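Spelled out, the chains give:
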Amino acid sequence: MIFDYLLDTFIYIGIYAILAISLNLEAGYTRLMNFGKVAFFAIGAYTSTLLSIAGVPFIIGLIAGIILSALLGLLVALPTLRLRADYLAIVTLASGEILRLVFLNEQWLTEGPMGIRGIPQPMYTVFMDNYMIFYALLVYGLLLICYIFAEKIIDSPFGRTLKAIRDDEDAVQVFGKNTFDFKIKVFIIGSCMASISGTLFAHYLAFISPDMFFPSVTFSVWTMMVIGGTSNNFGVIMGAVMIQVFERGTRFLKDFVELPVEPYNLRIIAIGLLLILFILYKPEGIIKERKSKGRL
Amino acid sequence: MILQVQDVEKSFGGIKALDGVSLSVGENTIAGLIGPNGSGKTTLINVISGFLRQDKGRICFEGKDISSLLPFEIARLGMCRTFQLTRIFRGLTVLENMLVSSNMQNEGLCQLFFNRKKMIMQEKADELAAGEILEFLEIDHLKYEYANALSGGQQKLLSLGMALMADPGMVLLDEPVAGVNPTLANKIFEKVMLEKEKRTFLVVEHNIDILMDFCDMIYVMNKGKIVASGTPGEIQDNETVIDIYLGG
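What counts and what doesn't
Residues numbered from 1 in each chain as written. Chains lettered and ligands numbered in written order. Predicted model: local features only at pLDDT ≥ 70, side-chain atom pairs only at ≥ 80, totals over all residues. Helix = DSSP H or I, 4+ residues; strand = E, 2+ residues; numbered from the N terminus. Rg over C-alpha atoms; globule rule 2.2 N^0.38 Å. Buried ≥ 20, exposed ≤ 12 C-beta atoms within 10 Å, placed from the backbone. Contact = placed C-beta atoms within 7 Å. Nonpolar A, V, L, I, M, F, W, Y, C, P; charged D, E, K, R; others polar. Domains from an automatic or database assignment. Core = buried A, V, L, I, M, F, W, Y, C linked by C-beta atoms within 7 Å. Pairing = 2+ DSSP bridges. Axes fitted to C-alpha atoms, helices over the stretch in contact; angles between N-to-C directions. pLDDT = per-residue confidence, 0-100. Expected span 1.5 Å × (residues − 1). Parallel < 35°, antiparallel > 145°, perpendicular 65-115°, else oblique. Left-handed = near helix turned anticlockwise from the far one by under 90°.

*Asks:* Explanation requested: the overall build of chain A in the structure shown.
*Replies:* For chain A, the helix and strand inventory stands at 13 helices and two strands. Its C-alpha radius of gyration of 19 Å places chain A within 12% of the 19 Å reference for a compact globule of 296 residues. Taken across its 296 residues, chain A has 48% of its residues classed as buried. For chain A, restricting intrachain contacts to residue pairs at least 6 apart in sequence, the fraction spanning at least 24 positions comes to 76%.

Set out below in structure tokens:
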């Protein structure tokens, strides 16, 4: 029982860590203020859900979600990435909300607010008894791939230019680099990763509804990034661990300590406070950015 | 003439920052652009390098009209610039700053995953070139330091190094020695002199004296217009110039 609960936490951490890495590529290394991360998470979740209910294998659903996310990413990026950072934040935030409202209202497709139940789980019949262990391995396998992919990118000339864009975009153009092109590419990569995370989320819960895709998901991922260590892929994974453990831990706190208020409700205030403290006193996060590994 | 600016005008609201500026710079020369504060020097550099679009007029670089190109497109034709307030990539090391500045455009993602050999070869070549330039500028001992750990003068040297790393036909230097001590300022200009056989320079400077020693041709701007031009000797004796600088 305890083991199952820990495993459940472990799986959630893995799913959120993928999201955090994808945000880190955009916001951490390139300073693209994407506040619509949840949109791509939702695309991944709904695409693979709808396909697998129609009988399509998991892996095809996963890939379809990635492709759709890439397309949506391009659609959002084209008009907005030329904008100033603050406009980008608003537009991405709005696009996430628009998408959620579409899922809420297009009942013929998504069952609306009722959500979709009974999402098939990949290879369930094979691993019936140890299914959670299998799923944890699946999540962490994909997390490892995303992590290595992100690290490869960051240590490459491409990643170096992303960091230069973060520091001073105009100055990069002086050296003949089309910064818009770089930003679109990294935005699409980030969107694809978020979609993987969304797919894993949906098939794990076997149930999704639009109210799982509020902007609070995005903010939670931002918190993981800022606290864990902006521009450090391992740091943001630590951030995911911390925030998940904290959010779940507060649920049980009431059994152990006497507080005048429900501690679970205090968690939002506590996380907000933590965020402020980090931004003020440790803006680089728990693990700060590492030097590039030199030659690839 | 490698660079030709013809009747360029640029207004900000009611202020005419550039009021019909024409100038031309010959290949493998150092041209100076001087003038008092607010005379339009930096605006002119911004227009030439594509960061601002002129209202009127034409700019040709190596015989090609670049008036409507974007900054990165102009850069790819072989024109690089520096900024008045040194703009380097502070979160990167000195070497990485140099590598970003390479004109080889080695950043392809397909290459990263499917043609690593070619990418690594190019990186090695770039690192070698960067090392040579850093040595030339005498800051190679700082190769692995973060750029924001450098002093102001070292940062100026680095930004010159980055411009050289791009191996452009022409470099626009916007106040390369502002806030730098006179010894280092002379050194910077000596390095520029040594590069003259390979490329052309257009240097914006506030300090008239230092340009006299190093430039082949000087343009003087005041209130958005070129008010005088000539060799340093001619400029020294030009009454308008003396008026602007001494008479006000």
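*Asks:* Hey, could you run me through the interface of chain B and chain A in this one?
*Replies:* Much of the literature gives interface size as the accessible area that the parts lose upon coming together. Taken together, the 28 residues of chain B in the interface contact 25 residues of chain A. Those elements that provide at least two residues to the side of chain B that touches chain A are α2 (71–76), β6 (79–81), α3 (94–100), α4 (109–114) and α5 (116–136) of chain B. For the side of chain B that touches chain A, the element with the highest residue contribution is α2 of chain B, accounting for four residues. Per-class residue counts for the side of chain B that touches chain A are 15 nonpolar, six polar and seven charged.

*Asks:* Please clarify how the domain arrangement of chain B should be interpreted in this entry.
*Replies:* Residues and elements named next belong to chain B. Domain assignment breaks chain B into domain 1 (1–78 + 168–248) and domain 2 (90–167). Each of domain 1 and domain 2 has a C-alpha centre, and the two are 27 Å apart. Each partner contributes to the interface: domain 1 provides 11 residues, whereas domain 2 provides 11 residues. The element contributing the most residues to the side of domain 1 that touches domain 2 is helix α7 (residues 182–195), with four residues. Taken together, the residues of the side of domain 1 that touches domain 2 sort by class into seven nonpolar, two polar and two charged.

*Asks:* So what exactly am I meant to see when it comes to the nonpolar core here?
*Replies:* The biggest cluster of nonpolar side chains holds 150 residues, and the ones touching the most others in it are A20 and A42 of chain A. Ranked by residues supplied to this core, first place goes to helix α10 (residues 179–205) of chain A with 13 residues. Shared between two domains, this core takes at least three residues from each, and those domains are domain 1 (1–78 + 168–248) and domain 2 (90–167) of chain B. Leave out the neighbours within four places in its chain, and A20 of chain A touches V221, M224, M225, G228, V236, I237, G239 and A240 of chain A.

*Asks:* It is not clear to me how the sheet that holds strand β4 (residues 56–61) of chain B should be interpreted in this structure. Could you clarify?
*Replies:* What holds strands together in a sheet is hydrogen bonding between their backbones, with the strands either parallel or antiparallel. All names here are of chain B. The four strands lie next to each other as β2-β1-β4-β5, forming an open sheet whose pairing is antiparallel. Of all the strands in the sheet, just β2 (15–25) and β5 (64–65) have a single pairing partner and so form its edges. Pairing of β4 with β5 involves two bridges; the strand directions are antiparallel. Along β5, the bridge assignment pairs C60 with D65. Running at roughly 65° to β2, helix α1 (residues 41–48) makes contact with β1 (3–12), β2 and β4 of the sheet.

*Asks:* I keep staring at the confidence of the model for chain B and nothing clicks. Help me out?
*Replies:* On average, residues of chain B score 91 in pLDDT, and 99% of them are at 70 or above. Overall fold confidence for the complex sits at a pTM of 0.92, while the interface term, ipTM, reaches 0.91.

*Asks:* Help me understand α1 of chain B, please; the structure alone is not making it clear to me.
*Replies:* Since the α-helix advances by 3.6 residues per turn, residues separated by three or four positions end up pointing in the same direction. Residue and element names in this part refer to chain B. Across the eight residues that make up α1, a large majority, seven, are buried. Among all positions in α1, only K41, T43, L44, I45, N46, V47 and I48 are buried. One or two residues past the end of α1 sits G50, with phi positive at roughly 90°.

*Asks:* Sorry, what's going on with the sheet that holds strand β3 (residues 30–34) of chain B here?
*Replies:* Residues and elements named next belong to chain B. Taken in spatial order, the six strands make up an open sheet running β6-β7-β8-β3-β9-β10, and their pairing is mixed. The outermost strands of the open sheet, each flanked by one partner alone, are β6 and β10 (225–230). Within the sheet, the average angular offset between the axes of one strand and its neighbour, ignoring direction, is 15°. Where β3 lies against strand β8 (residues 200–205), five bridges are found, and the strand directions are parallel. In the strand pairing of β8, I34 is matched with E205.

*Asks:* Would you mind going over helix α3 (residues 58–80) of chain A with me for this structure?
*Replies:* Taking 1.5 Å of rise per residue, 23 residues should cover 33 Å, and α3 of chain A covers 33 Å from first to last C-alpha, within 8% of that figure. Where α3 of chain A is buried, its residues contact α2 (37–53), α4 (85–105) and α10 of chain A.

*Asks:* When you look at the environment of F182 of chain A in this model, what are you seeing that I'm missing?
*Replies:* Residue and element names in this part refer to chain A. Looking at the secondary structure, you find F182 in helix α10. Note on F182: 22 C-beta atoms within 10 Å, which makes it buried. For F182 and A70, which are 112 residues apart along the polypeptide, the C-alpha to C-alpha distance reads 15 Å. Once residues within four sequence positions are removed from consideration, F182 is found in contact with T161, L162, I165 and K177.

*Asks:* Help me understand the pairing of strand β9 (residues 217–222) of chain B, please; the structure alone is not making it clear to me.
*Replies:* On any regular strand, side chains alternate: one points to one face of the sheet, the next to the other face. Residue and element names in this part refer to chain B. Among the six residues in β9, five count as buried, and that is most of the element. Taken together, the four bridges between β3 and β9 define a ladder with parallel strand orientation. Each bridged residue has a counterpart across the sheet, and for G32 the counterpart in β9 is I218. Between β9 and β10, which pair antiparallel in sequence order, lie two residues; one of them, K223, sits at a positive phi of approximately 50°.

*Asks:* Explain the packing of helix α8 (residues 157–167) of chain A against α10 of chain A here, please?
*Replies:* A pair of packed helices is captured by two measures, namely the crossing angle of their axes and the spacing between those axes. Residues and elements named next belong to chain A. Between α8 and α10, whose axes approach to 10 Å, the crossing angle comes to 110°. With respect to each other, α8 and α10 are oriented roughly perpendicular. The element α8 and its partner α10 pack so that their crossing is left-handed. Across the interface between the two elements, T161, L162 and I165 of α8 pack against T179, F182, K183 and V186 of α10. Here the contact of α8 with α10 is built from residues that sort into four nonpolar, two polar and one charged.

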